[in-house]
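Breakdown of the fold
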Protein chains: 2
Amino acid sequence: MAKSDVKLIGAWPSPFVLRARIALNVKSVEYEFLQETLGSKSELLLKSNPVHKKIPVLLHHDKPICESLIIVEYIDEVWASGPSILPSDPYERAIARFWASYVDEKWFPAMKSIAVAQDDEARKAAVVQVAEGLALLEEAFQKISKGKSFFGGDHIGYLDIAFGGFLGWLRVTEGTGGIKLLNETKTPGLLKWADDFAAHPAVKDVLPDIGKLAEFSKVIVAKMRAAAAAPAK
Amino acid sequence: MAKSDVKLIGAWPSPFVLRARIALNVKSVEYEFLQETLGSKSELLLKSNPVHKKIPVLLHHDKPICESLIIVEYIDEVWASGPSILPSDPYERAIARFWASYVDEKWFPAMKSIAVAQDDEARKAAVVQVAEGLALLEEAFQKISKGKSFFGGDHIGYLDIAFGGFLGWLRVTEGTGGIKLLNETKTPGLLKWADDFAAHPAVKDVLPDIGKLAEFSKVIVAKMRAAAAAPAK
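In the nomenclature of an unreviewed UniProt entry, chain A is known as Glutathione S-transferase of Rubus argutus. Heading Function (unreviewed entry) of the UniProt record for chain A holds this comment: "Is involved in the conjugation of reduced glutathione to a wide number of exogenous and endogenous hydrophobic electrophiles." Of the comments in the UniProt record for chain A, the one headed Sequence similarities (unreviewed entry) reads "Belongs to the GST superfamily. Tau family."

Let's shift gears to the sheet that holds strand S2 (residues 32–35) of chain A. Residues and elements named next belong to chain A. Taken in spatial order, the four strands make up an open sheet running S2-S1-S3-S4, and their pairing is mixed. On the outer flanks of this sheet lie S2 and strand S4 (63–66), each paired with one strand and no other. Taken over all neighbouring pairs, the strand axes of this sheet differ in orientation by 25 degrees on average, direction set aside. Here strand S1 (residues 6–10) pairs with strand S3 (residues 57–60) via four bridges, running antiparallel. Bridge assignment links Leu8 to a residue of S3, and that residue is Leu58. Across the sheet, helix H1 (residues 15–26) touches S1, S2 and S3, and the angle it forms with S1 is around 155 degrees.

Residue and element names in this part refer to chain A. If you walk through the whole model with that rule in mind, you get 26 salt bridges over all chains. Of the charged contacts, one joins Lys7 and Asp62 as a salt bridge, the two residues approaching to 4.0 Å between their closest N and O atoms. With Lys7 in strand S1 and Asp62 in the loop between S3 and S4, this residue pair connects regions lying 55 residues apart in the sequence. Using a relative accessible area of 61% as the deciding quantity, one classes Asp62 as exposed. Glu92 is the salt-bridge partner of Lys146, the closest N and O atoms lying 3.5 Å from each other. With Lys146 in the loop between helix H5 (120–145) and helix H6 (158–164) and Glu92 in helix H4 (residues 90–116), this pair connects stretches of sequence that are 54 residues apart. Residue class for Lys146 comes out exposed when judged on its relative accessible area of 61%.

Let's shift gears to the environment of Pro109 of chain B. Residues and elements named next belong to chain B. Tracing the backbone shows Pro109 in helix H4 (residues 90–116). Note on Pro109: relative accessible area 34%, which makes it partly exposed. In sequence terms Pro109 and Ile210 are 101 residues apart; their C-alpha atoms lie 20 Å from each other.

What counts, and where the lines are drawn
- Residues numbered from 1 in each chain as written.
- Chains lettered and ligands numbered in written order.
- Predicted model: local features only at pLDDT ≥ 70, side-chain atom pairs only at ≥ 80, totals over all residues.
- Heavy atoms only, no water.
- UniProt positions renumbered as here; feature names shortened; annotations may be inferred.
- Pairing = 2+ DSSP bridges.
- Helix = DSSP H or I, 4+ residues; strand = E, 2+ residues; numbered from the N terminus.
- Axes fitted to C-alpha atoms, helices over the stretch in contact; angles between N-to-C directions.
- Contact = heavy atoms within 4.5 Å.
- Salt bridge = Lys/Arg side-chain N within 4 Å of Asp/Glu carboxyl O.
- Buried < 20%, exposed > 50% of the residue type's maximum accessible area, 1.4 Å probe, protein only.

What follows is the structure, given as structure tokens:
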């Protein structure tokens, strides 16, 4: 696969872009990483994802594929040059898709609201919600991993990538808030999973540096707070 | 497949439940339809989908599968007793998944807001948004269907089922509001598609009666308006 056949429009701090990068690494696919600048959108991005105008976009032979989880499935279907990302059993696939969707629709929005909470009460409520979500994910991990290191068993799979994309942001949230969202008491499985995931060869070189991400988060959180505080239109 | 091996927890007016029913029909899978009552949730539902507590839930050999689009993919993967629902080409699959996700995340929320709009201005804005979404879907239909009847070509496929689940509600919205959201000028392809879809053998017996759905919508819209008008917590 010539490098120029595969391009990824993205940005290093995005958890969604990270998913695509990890999936490409799992399959040992070389790609050109086209980074967007915060606050502007390139012509290529606008042309490639005119509906949402969002990263990541994977360009394969110049054909655009949008939405991070759809990109991960596409990568899994197109390249056989690495372990399968989705489980082979249809029921296990459904379960992996279910939790990936849960992470996107419920859990991550709650985690974002820890950062943008306007007062202490709202922030505490968001922390409780995130912790409850992690307890659910811990339970799922115990069931799905069957004593192995990852949701995907011995290899990192779809749900590892879906949830793991957020690991850097989870650590930044822990650091900024002085809270241990992953801990020995409530989420022992995920606590170990997080270390194994971060050390995985497909992950370690693309997982953002936590200090750098924490700096970046100050900028983005200020923007989100301003948006949340703006009067409703 | 013994009928008792496959059960679907649902309710006749739900567009999400309808997707699962159509997919089962495409594959000629017999199933037991367990209908929930509006305003209450059965023990079986709460046990089968403890995270979201929502219909539809497919029970296959008593194992629960939740979330309508995940159920449709599961049905496609498990039963070979009918045409494929997802396209076989990975890029076409990605495109079908992209638009299905668009319909769920952007288009249908806009359509709901036509019904619950608190004033005329908000209602008009929602109508514009829905019409813009339909124009995008029309463009996608022209590209994807390649002159055939369905997004899936000669057969109804994933995107037909994802979008078509909402057809009854689209017609109710048109009827209640005295508006033609699907029309010859802007969406000629989708206008014909809607008739072909509604007449399809896998669809016609499960598509809700529009009059009955319009009656039901009065109840549900009143509830949604009340919720939308309630002061923010």
